[in-house]
Amino acid sequence: MSRVRVHNFSISIDGFATGEGQTLDAPFGHAGTRLHEWFFPTRTFQQMLGTSDGSAGIDDAVAGTWNAGIGAEIMGRNKFGAQRGPWEDHDRNGWWGPNPPFHTPVFVLTHHPRPSVEMEGGTTFHFIEATPQEALRQAREVAGDLDVRIGGGPTTIREFLVEDLVDHLHIAVVPVVLGRGERLWDGVEGLEERFQVESVTTPSGVTHMTFTRP
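Residues numbered from 1 in each chain as written. Predicted model: local features only at pLDDT ≥ 70, side-chain atom pairs only at ≥ 80, totals over all residues. Heavy atoms only, no water.

*Asks:* Hey, could you run me through unusual backbone geometry in this one?
*Replies:* Glycine aside, residues mostly have negative phi angles, and peptide bonds mostly take the trans form. With an omega of 0 degrees, the peptide bond running from G152 to G153 counts as cis. Mapped onto the elements of the fold, G153 is located in the loop between β7 (147-152) and α5 (154-162). Phi is positive for H103, close to 60 degrees, though the residue is something other than glycine. Its location among the elements puts H103 in the loop between α3 (77-80) and β4 (105-109). On the basis of relative accessible area, H103 is assigned to the partly exposed category, the value being 40%. One non-glycine residue, D164, adopts positive backbone phi at about 60 degrees. (Helix = DSSP H or I, 4+ residues; strand = E, 2+ residues; numbered from the N terminus. Buried < 20%, exposed > 50% of the residue type's maximum accessible area, 1.4 Å probe, protein only.)

Now the structure itself:
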């Protein structure tokens, strides 16, 4: 069976994956871009922007594994965009413009389903109200033999961890203290007992922790 993977998910050293006060203009709230500064210089991120620039160090080596063998993604509605409640603007289709970087079917978890949206480059957003198990069933159906990536945000990843549905989890622990926001680890005490855990700290100060199911 295909694996369920999480990649390049950044948290602060006090465990917050996003800041307080998320808006359209501040998608990570008061955290700003601090959780992702390590990622922006990498060749992996620059390739998402359509350039061939970027660093090729350890951060990039870890980050670059995010897309290999992925056939579908599941994400929470907050990762898709800033709208809340019933959809008021169907013309806003995420943060990424007309050609999102996923290039696979993407299942967006929401309490307000809407028609699917086909974008450039092979990305199609499907908006579903489903349990983690049902969302994973649908994603695996279209992914075939390829893996399914859980893209975030913290609530979505935490729900899949609570249900023990994640096989590979890569967390980038960034040396900043946010103090408030939304935490990743609440409710998953003893998580480390299910996985083999490895870590490496890079010159950027980020500790990459990888949890892999034996």
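Now that the structure is up, let's keep going.
*Asks:* I would appreciate a short explanation of the environment of G29 in the present structure.
*Replies:* For G29, the location among the structural elements is in the loop between β2 (16-18) and α1 (43-48). Linking G29 and G19, residues 10 residues apart in sequence, is a C-alpha distance of 4.6 Å. The residues touching G29, leaving out its near neighbours within four places in the chain, are G19, E20, G21 and Q22. (Contact = heavy atoms within 4.5 Å.)

*Asks:* Please clarify how the nonpolar core should be interpreted in this entry.
*Replies:* Soluble globular proteins tend to pack their nonpolar side chains together in the buried interior. Ranked by internal contacts, the top residues of the largest apolar core, which has 29 residues, are F9, I74, I150, I157, F160, L169 and I171. In this structure L169 touches V6, I157, L161, W185, L191, M209, T210 and F211, once residues within four positions along its chain are discounted. Core analysis: the next-biggest nonpolar cluster, separate from the first, contains 12 residues, F45, A172, V174 and V206 among them. (Core = buried A, V, L, I, M, F, W, Y, C linked by side-chain atoms within 4.5 Å.)

*Asks:* What should I look at first to understand the side chain of T124 in this one?
*Replies:* Structurally, T124 is set in strand β6 (residues 124-128). A relative accessible area of 18% places T124 in the buried class. The contact partners of T124, leaving out residues within four places of it in the chain, are T104, P105, V106, S116, V117 and E118.

*Asks:* Got a minute to help me understand the sheet that holds strand β1 (residues 4-12) in this structure?
*Replies:* The strands that make up a sheet are held in pairs by hydrogen bonds between backbone atoms, and each pair lies either parallel or antiparallel. Reading across the sheet, the nine strands line up as β5-β6-β4-β3-β7-β1-β8-β11-β10 and stay open at both edges, with mixed pairing between neighbours. Of all strands in the sheet, those bounded by a partner on one side alone are β5 (117-118) and β10 (196-201). As defined by bridge partners, strand β3 (residues 70-76) adjoins β7 across five bridges and the pair is classed as parallel. Considered in β7, the bridge of A72 is made with V148. Where α5 meets the sheet, its contacts fall on β1, β3, β4, β7 and β8 (168-174), and the angle it forms with β7 comes to roughly 135 degrees. (Pairing = 2+ DSSP bridges. Axes fitted to C-alpha atoms, helices over the stretch in contact; angles between N-to-C directions.)

*Asks:* Is there a simple way to explain the pairing of β3 in this structure?
*Replies:* Each regular strand displays side chains that alternate between the two surfaces of the sheet. Summarising burial for β3: seven of the seven residues are buried, a large majority. By the bridge criterion, four bridges tie β3 to β4 in an arrangement that is parallel. Residue I74 lies in a different strand from β4, and its bridge partner there is F107.

*Asks:* What am I meant to see in the environment of R194 here?
*Replies:* Within the element layout of this structure, R194 appears in the loop between β9 (182-183) and β10. The exposure class of R194 is partly exposed, given its relative accessible area of 25%. R194 has contacts with L161, D164, R213 and P214, leaving out every residue within four places of it along the chain. Side chain to side chain, R194 and D164 meet in a polar contact 3.2 Å long. (Polar contact = N/O pair within 3.5 Å; in protein donor to acceptor, adjacent residues only side chain to side chain.)

*Asks:* What is the right way to look at the packing of aromatic side chains in this model?
*Replies:* In this description, a pair of aromatic rings is defined by centroid distance and the angle of the planes. With the rule as written, the count across this model stands at 12 aromatic pairs. Between F195 and F211, the aromatic rings sit 6.1 Å apart at their centres with planes inclined by 85 degrees, giving edge-to-face as the arrangement. One end of the pair, F195, is in the loop between β9 and β10; the other, F211, is in strand β11 (residues 207-212), and 16 residues separate them in sequence. Of the two residues, F195 and F211, both sit in the buried class. One aromatic cluster is present, built from ring pairs that chain together F80, W87, W96, F102, F125 and F127. (Phe/Tyr/Trp six-rings, centres within 6.5 Å; stacked < 30°, edge-to-face > 60°.)

*Asks:* Would you take a moment to explain α5 for this structure?
*Replies:* Each α-helix winds once per 3.6 residues, and so residues spaced three or four apart point in a common direction. Of the residues making up α5, those classed as buried are P154, T156, I157, R158, F160 and L161. Within two residues after α5, D164 carries a phi angle of roughly 60 degrees, on the positive side.

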